[in-house]
Amino acid sequence: GQASKLRAILQSALDAIITIDSCGSITTVNPATEKLFGYEQSEFLGRNVNFLMPEPYHREHDGYISNYLATGRRKIIGIGREVTGRRRDGSTFPMHLAVSEFQIDGERHFTGIIHDLSAHKATERALRQAQ
Ligand code: HEM
């Protein structure tokens, strides 16, 4: 059925797909998220999504979400942005972040799709140095 198809899509996606509630608490992650950040699924759930980012994002992210909820002004939703993620071992990496919004039973939630740009950036650097 539809549910098993949706599960297969999330399981096989190469990009990390994370959902959060309106407080920033993680509600679901797909396997690519575990691989990218180096944590297991159970370690993500219920935790603030800001543990996956370095400062100043880490400190400011709750404010980003509450500003959006209060004003409706979109800075990333429907636009996307290149930002920096933080892995379990503390290393940081460039990533493209796309965010969208959905509602369940009147509650606002967000989906983040993360594409790891580190390989792309390394290739760019190698090409520049070869010139
Ligand atoms: C907003 C950083 C992950 C949900 C933002 C903004 C930044 C940011 C810079 C915009 C701030 C502004 O200009 O006001 C990051 C970083 C992440 C990350 C570095 C690395 C892991 C996520 C994920 C989600 C998410 C995974 C959702 C599952 C949101 C929401 C907003 C936001 C809902 C406010 C809406 C908007 O600005 O359009 N984030 N974010 N973020 N982020 Fe994140």
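Below you will find a few notes about this structure. (Residues numbered from 1 in each chain as written. Predicted model: local features only at pLDDT ≥ 70, side-chain atom pairs only at ≥ 80, totals over all residues. Heavy atoms only, no water.)

**A few points about unusual backbone geometry**
With an omega dihedral of 5 degrees, the bond running from E55 to P56 counts as a cis peptide bond. On the secondary structure map, P56 appears in the loop between α3 (41–44) and α4 (57–71). The phi dihedral of D105 is positive, around 50 degrees, even though this residue is not glycine. Looking at where D105 falls in the secondary structure, it is placed in the loop between β4 (92–104) and β5 (107–116). (Helix = DSSP H or I, 4+ residues; strand = E, 2+ residues; numbered from the N terminus.)

**Focus: the pattern of salt bridges**
Scanning the entire structure with this criterion turns up five salt bridges. A salt bridge links R59 to E60, with the shortest nitrogen-to-oxygen separation between them at 4.0 Å. When its relative accessible area of 34% is taken as the criterion, E60 is described as partly exposed. When the shortest N-O distance is used, the salt bridge between E82 and K121 registers 3.0 Å. Of this pair, E82 sits in strand β3 (residues 81–86) while K121 is found in helix α5 (residues 118–130), placing the two residues 39 residues apart along the sequence. Using a relative accessible area of 44% as the deciding quantity, one classes E82 as partly exposed. When salt bridges with common partners are traced through the structure, they connect E55, R59 and E60 into a single cluster. (Salt bridge = Lys/Arg side-chain N within 4 Å of Asp/Glu carboxyl O. Buried < 20%, exposed > 50% of the residue type's maximum accessible area, 1.4 Å probe, protein only.)

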